[in-house]
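Remarks on the overall topology
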Amino acid sequence: MNMFCYQCQETAGNKGCTVAGVCGKPSEVANLQDELIAQLQGLAIWATAARQRGVIDDQIDLLVVEGLFLTVTNVNFDPKRMEQKIAQAKELVKKTGATIPSALGALAEKNEDLRSLKQLLLYGLKGLAAYANHAYILKKASPEIFAFIHKALAATVRSDISADELVGLVLAAGQNGVAVMALLDKANTEAYGHPVITKVATGTKAGKAILVSGHDLLDLDELLQQTVGKGINVYTHGEMLPANAYPGLKKYPHLAGNYGTAWHAQQREFANFPGAILFTTNCIQKPLPSYQSNLFTAGLAGWPGVSHIADRADGKQKDFSAVIQKALSLPGLSDKPGKELTIGFAHNTILSLADKVVAAVKSGAIKRFFVMAGCDGRLKERQYFTDLAQALPADTVILTAGCAKFRYNQLELGDIGGIPRVLDAGQCNDSYSLAVVALKLVEVFGVKSVNELPLSFDLGWYEQKAVIVLLALLYLGVKNIRLGPTVPAFLSPNVVRVLVEKFAIKPTGEVKADLAEMLAGR
Ligand code: SF4
Ligand code: SF3
């Protein structure tokens, strides 16, 4: 075994990647990630004890969230960047005298169920850290969330911990997941305003072009500012699509629309893009030689041999001039018509339509809502989500967030009295909107819980941001969530049993049978 990683949905044989990652992660990087996690665990143990003495180390707070985010699937494949982060961690370990666990990796825990719970917690923390880092970049931070990350990360190496205590921490991670997504929502909306209903072009305009992928709105913002008047059109890709709906970003006339679909189609889509491409976070894949020299990474994203834009220094913006020069040196796009996507249905928009939505439910025009959110991925079994969206009765509405939407956001699903049948709340980062809407529905329908609403959850997962979204929903008490296209390999049979008993969570199955069950409220 060269490595062991089973943190994502595409893990080899739904058991574990042991030679190299299906994602393209070489064993060298996987092992460096294990080493980095161990350093972070040591620092987390120290920081938890230090907090009890009233000592807070801002450098450790930031390093732990950045380090965890760096190990999320498809963020960074560059061993040098991993080594740099390990070196930073080691400096802090030296400064503090923290003790680093000696056993590395998921298999360090020998008990199958404890291992499963510890890894579920760790992957939830990775997602939590990713969202905390997104908020931090927009100058929003929560000491309570940092403290929880440290406490829970420290618990993943405890040999005296019980399964019950770990289950408690997993649910507490969900609680912190709700808090971090609320914080990120505040960060995004304070910086760029509440998303508004927006029609986004998927065709192209003649001219030089830059394509921006990933989730980092500030990178896109600064690039838009630096391309004003340069004769360059900026397009969004994948999880950047929702950026088009923010007033603070859509005000730029050269934000020209969305090009392409979800992350896993990037090799084909980028190869056909005759401009510069900027990847800001997950999910980057191995670049093809045909476009590697047009590709840039920023923030925590990285691929060996791909030019990386330096981080902000001294309160200044990132310098995207290399991306701009590259775009100007390439042929650019020609005029091509395309469909329009209607987006911008984050909580503020949906709540402003609440009267209309409630009236539609009360009149029977809308019978049921389906939350179909989360991740997209390569597996052909994900056709299930397209087929399900297509099979939904015409009096139902999809609430979506995350790149899962690319499985059905181009279908002609129409609207119900002017309410589109696909309400797109934004990135996976914006899943908070779906919780706000669900809780609002509880209030307006005067029911006791989300589980009494005409609302079903059918989620696709791929990486660890989806894990924290799932844990947040479990914390909110949501039952009968369908999860697919496979059950996470890191869940042991006993842990699956607990999840089924407590939350009636179930795997996605056949479209027809699942639909019949969901329409019956199961
Ligand atoms: Fe395998 Fe997924 Fe880990 Fe990549 S992130 S090595 S595909 S389990
Ligand atoms: Fe997608 Fe990676 Fe998860 Fe942000 S871009 S949802 S997979």
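Residues numbered from 1 in each chain as written. Chains lettered and ligands numbered in written order. Predicted model: local features only at pLDDT ≥ 70, side-chain atom pairs only at ≥ 80, totals over all residues. Heavy atoms only, no water.

Quick look at the site of ligand 2
Rules: We call a residue near a molecule or strand whenever a single non-hydrogen atom of that residue lies within 4 Å of it. Under the convention adopted here, Pro, Cys and the residues Ala, Val, Leu, Ile, Met, Phe, Trp and Tyr are nonpolar, Asp, Glu, Lys and Arg are charged, and Gly plus all remaining residues are polar. Residue ranges for the domains trace back to a domain assignment, done automatically or taken from a database.
All residues in the neighbourhood of ligand 2 are listed as His215, Glu239, Trp263, Asn282, Cys283, Gly374, Cys375, Cys403, Cys428, Tyr462 and Glu463. Across the shell around ligand 2, the residue classes tally to 6 nonpolar, 3 polar and 2 charged. Of the residues that make up the shell around ligand 2, three or more belong to each of domain 2 (198-329) and domain 3 (344-519).

Digging into helix α13 (residues 354-362)
Our working definition: Relative accessibility thresholds used throughout: buried, under 20% of the residue-type maximum; exposed, over 50%; partly exposed, between the two (1.4 Å probe, protein chains only). Secondary structure elements are taken from DSSP: a helix is a run of H or I of four residues or more, a strand is a run of E of two residues or more, and numbering for both begins at the N terminus. Arc definition: directions from the helix axis to the C-beta atoms. Note on definitions: a residue-residue contact is assigned when non-hydrogen atoms from the two residues lie within 4.5 Å.
Of the positions making up α13, those classed as buried are Ala354, Val357, Val358, Ala360 and Val361. Down the axis of α13, the buried side of the element spans an arc of 160 degrees, and every buried residue falls inside it. Along α13, exposed side chains directed more than 90 degrees from the buried face belong to Asp355 and Lys362. The elements touched by buried residues of α13 are α12 (347-352), β9 (368-371), β12 (419-420) and α15 (432-445). Backbone geometry just after α13 places Gly364 at a positive phi near 90 degrees.

Observations concerning the packing of helix α4 (residues 112-137) against helix α6 (residues 163-192)
Selection criterion: Every axis in this analysis is a line fitted to C-alpha atoms, fitted for helices over the stretch in contact. Angles between the N-to-C directions lie between 0 and 180 degrees. If an angle is under 35 degrees, it is roughly parallel; if it is over 145, roughly antiparallel; if it lies from 65 to 115, roughly perpendicular; otherwise it is oblique. By definition, turning the near helix anticlockwise from the far helix through less than a right angle yields a left-handed crossing, and turning it clockwise yields a right-handed one.
Contact pair α4 / α6: the axes reach a minimum separation of 9 Å and the direction vectors enclose 15 degrees. On the basis of their axis angle, the class for α4 and α6 is roughly parallel. The interaxial crossing formed by α4 with α6 has left-handed handedness. Per-class residue counts for the contact of α4 with α6 are 19 nonpolar, 3 polar and 1 charged.

Describing the domain arrangement of the protein
The condition that has to hold: Accessible area that two parts lose when put together, with a 1.4 Å probe and added across both, is what the buried area reports.
Once the domains are mapped, the protein shows domain 1 (25-191), domain 2 (198-329) and domain 3 (344-519). Each of domain 1 and domain 2 has a C-alpha centre, and these two points are 28 Å apart. Facing 16 residues of domain 1, the contacting portion of domain 2 comprises 18 residues. Each partner contributes to the roughly 1400 Å² buried at the junction of domain 1 and domain 2, and carbon and sulfur atoms together form 63% of this total. Contact with domain 2 buries area across many residues of domain 1, yet Asn74, Phe77 and Arg81 alone supply 34% of it, more than any other trio.

Quick notes on the sheet that holds strand β3 (residues 232-236)
Put simply, the test is: Any two strands between which DSSP finds at least two bridges are classified as paired.
With respect to topology, 6 strands assemble into an open sheet ordered β4-β3-β2-β5-β6-β7, the strand pairing being parallel. Bordering the open sheet on either side are β4 (255-258) and β7 (307-308), each of which pairs with just one other strand. Along the sheet, helix α7 (residues 217-226) makes contact with β2 (208-213), β3, β4 and β5 (276-279), crossing β3 at roughly 165 degrees.

Concerning helix α5 (residues 143-155)
Put simply, the rule reads: One less than the number of residues in a helix, times 1.5 Å, gives the span that helix is expected to have.
The end-to-end C-alpha separation of α5 is 18 Å, in line with the 18 Å expected for 13 residues at 1.5 Å each. Considering only its buried residues, α5 is in contact with α1 (27-52), α2 (58-70), α4 and α6.

Remarks on the pairing of β3
Most of β3 sits out of view: 5 of its 5 residues are buried. Side chains Ile232, Val234 and Thr236 project from β3 onto one buried face, and the interleaved Asn233 and Tyr235 project onto a second face that is buried too. Relative to β3, β2 runs parallel, the two being bridged by 5 bridges. Within the sheet, the bridge partner assigned to Leu211 lies in β3 and is Tyr235.

A closer look at the layout of surface pockets
As a reminder, the rule being used: A cavity here means a set of 1 Å grid points, computed over protein atoms only, where a 1.4 Å probe fits but cannot escape. A pocket is an open set with protein on both sides within 12 Å along at least 5 of 7 lines, and lining residues have an atom within 4 Å of a point. Grid points are joined across faces, edges and corners, and a volume is the space filled by probe spheres set on the points.
Its volume calculated, the largest pocket comes out at about 780 Å³. Secondary-structure elements contributing two or more residues to the lining of the largest pocket are α2, α3 (79-96), α4, α6 and α7. Considering only residue class, the lining of the largest pocket consists of 12 nonpolar, 10 polar and 10 charged. Roughly 450 Å³ of volume is contained in the second largest pocket. What lines the second largest pocket is a set of 27 residues, and nearest its centre among them are Gln41, Leu104, Gly105, Ala106 and Gln119. Among the secondary structure elements, those contributing two or more residues to the lining of the second largest pocket are α1 and α4. Among the elements that line the lining of the second largest pocket, the one with the most residues is α1, at 6 residues. In the lining of the second largest pocket, the residues fall into 14 nonpolar, 7 polar and 6 charged.

Quick notes on the sheet that holds strand β10 (residues 396-400)
One open sheet holds the 6 strands; their spatial order is β13-β10-β9-β14-β15-β16, and the pairing between them is parallel. Unpaired on one side and paired on the other, β13 (422-424) and β16 (506-507) mark the two borders of the sheet. Pairing analysis gives 2 bridges linking strand β15 (residues 482-484) to β16, with the strands arranged parallel. Bridged to Arg482 within β16 is Lys506. Running over the sheet, helix α18 (residues 511-519) touches β9, β14 (455-460) and β15 and is turned about 125 degrees from β9.

Some remarks on unusual backbone geometry
For the bond running from Asn282 to Cys283, omega is 15 degrees, close enough to zero to count as cis. On the secondary structure map, Cys283 appears in the loop between β5 and α10 (289-292). Within the chain, Asn480 stands out as a residue other than glycine whose phi angle is a positive 65 degrees. Mapping Asn480 onto the fold places it in the loop between α16 (464-475) and β15. The exposure class assigned to Asn480 is partly exposed, which follows from its relative accessible area of 24%.

Brief notes about the environment of Gly275
Looking at the element boundaries, Gly275 is found in the loop between α9 (266-271) and β5. Judged by its relative accessible area of 0%, Gly275 falls in the buried class. Each residue touching Gly275, except ones within four places of it in the same chain, is listed here: Ala209, Asn294 and Leu330.

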